[in-house]
Amino acid sequence: MSVSTAAAAQTICAPLPVLGRDVTVPLVTGGEVGYAALDYAASAPALQRVWDDVAAYAPYYGSVHRGAGYLSQLSTDLFENARRTVAEFLDCRADDQLVFTRSTTDSLNLLAAALPADCQVFVFETEHHASLLPWKGARVTYLDAPRTPRQAVATLESALAGRDPHGPALVCVTGASNVTGELWPVRELAAAAHAHGARIVLDAAQLAPHHPVSVRDLDVDWVAFSGHKLYAPFGSGVLAGRADWLRAAEPYLAGGGASRKVTRRQDGGVDVEWHESVARHEAGSPNVIGAYSIASACKALTEAGFDTLVAREQYLVEKVRTGLAEVPEVRVLSLFGDDAPRVGVISFVVDGWNSSHFAAALSAEYGIGVRDGLFCAHPLVRTLLGGDPQSQGECGAPEAAPGEKSLNAIRVSFGAGTPDEHVDRFVTAVRELVTEGATWTYRTEDGRCVPAV
């Protein structure tokens, strides 16, 4: 990105106001500093707009779909309006269903529970565990990590060509990697899936906060994402897409709300008639505030304009990548190469450093929050680090003491609420730690690297 483009990006779109922007944290070396939240890929800070909307609604909270009172009616309208807002944000088709869940993981487990009998599932080893692991009742084909977008499409086409053409099949793919930030060729993968009679679900957990996601344009059958990565807290998620498999499946949870009618039989048993609408998979009292917070975040991002948000984020991506490239000891992890388009998620390792030690020093000495470990994508990270993708490892826990090599990485991630200063401080901190070393002494405690007292 040119200097003029970078300046324009800053002018067009300032960071969106988020909670925590004024929080200060203590440094182990003394004093305090404003916290630099650079772990957006795990959980992004809530937008101030979202928090304000939720606070305004909170006094009017009431039961949904079950009450005759004014607050219940108001809450029901708000909940269903939130569903429509999110469906518009995703550009869903007219006959798609949108189910509110707890998270991306919950969404994909719901879809896994709704698969037709004898369904074949195709998934790349590069997926987050939320996409890699839910398919227990299906015949699963795990595909090796591709090294180019074109190879990804070719690998999928080859695998699909060898499947039973008469049975149901599903492809699961990420939109943006939670490890490398690289964008996947979703539209092309969807075309390959459909050409071979398969359906496709998009894990948009890392894509939706950074880029517009259109179900129609990408031609995916389902999309799943989490509110807590979209600047919306409260443990909420979404599964949106085709209704037929969801209608035909047993309810994800059995209980009130999912049942249309329940009667006792003369033999003492119970007969149940289940809803065919989204209520079929939303048993129990729904997370109204979580759904409303997602809708509020969708509105805020749409109103801010993804073109300007993307432009500013790419400016920050180039800042980080340029800064890391100036430190020879740093190796940035990538599947598709330096020129691959990506969102604000970058993972790297540092020669001579245990990744947990490096992340601990960033926090304790600079007030910077990043992530270290395997990022719930163990096969991918181990492949990128040259290890065995089948070997075991704990998610986020180091296997070596400070100074010892570990098969883990460091991840820095950012987004619409990240100010320039946080990125500048991070780049400076990396350079200083590599050239001058840590100021403090660290030790391993309960699987984490922490400052020694």
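Asker: Can you walk me through the packing of aromatic side chains in this structure?
Answerer: Within a pair of aromatic rings, the relevant descriptors are the distance that separates the centres and the angle that separates the planes. Scanning the entire structure with this criterion turns up 11 aromatic pairs. Ring geometry for Trp51 and Phe234: centres 5.9 Å apart, planes at 10 degrees, overall stacked. Of this pair, Trp51 sits in helix H2 (residues 48-57) while Phe234 sits in the loop between strand S9 (222-226) and strand S10 (237-241), and the two are 183 residues apart along the sequence. According to the relative accessible area criterion, Phe234 is partly exposed, its value standing at 34%. With a centroid separation of 5.6 Å and 70 degrees between ring planes, the pair formed by Tyr57 and Tyr292 is classed as edge-to-face. Of the two residues, Tyr57 is situated in helix H2 and Tyr292 in helix H10 (residues 288-304); the sequence distance between them amounts to 235 residues. The residues Tyr57 and Tyr292 share a single accessibility class, namely buried. Connected via pairs of aromatic rings, a cluster forms that spans Phe348, Trp353, Phe358 and Phe426.

Asker: What is the right way to read the sheet that holds strand S14 (residues 345-350) from this model?
Answerer: Sheets are built from strands that pair by backbone hydrogen bonding, the pairs being arranged parallel or antiparallel. One open sheet accounts for 4 strands, arranged S13-S14-S17-S16; its pairing is antiparallel. In the strand order of this sheet, the two ends are held by strand S13 (330-332) and strand S16 (371-373), each with one partner. On average, each strand axis in the sheet is tilted by 30 degrees relative to the strand beside it, whichever way the strands run. As defined by bridge partners, S14 adjoins strand S17 (residues 409-413) across 4 bridges and the pair is classed as antiparallel. When the bridges of S17 are listed, Ser347 appears paired with Arg411. Sitting on the sheet, helix H11 (residues 306-325) touches S13, S14 and S17, and the angle it makes with S14 is about 10 degrees.

Rules and cut-offs
Residues numbered from 1 in each chain as written. Predicted model: local features only at pLDDT ≥ 70, side-chain atom pairs only at ≥ 80, totals over all residues. Heavy atoms only, no water. Phe/Tyr/Trp six-rings, centres within 6.5 Å; stacked < 30°, edge-to-face > 60°. Helix = DSSP H or I, 4+ residues; strand = E, 2+ residues; numbered from the N terminus. Buried < 20%, exposed > 50% of the residue type's maximum accessible area, 1.4 Å probe, protein only. Pairing = 2+ DSSP bridges. Axes fitted to C-alpha atoms, helices over the stretch in contact; angles between N-to-C directions. Contact = heavy atoms within 4.5 Å.

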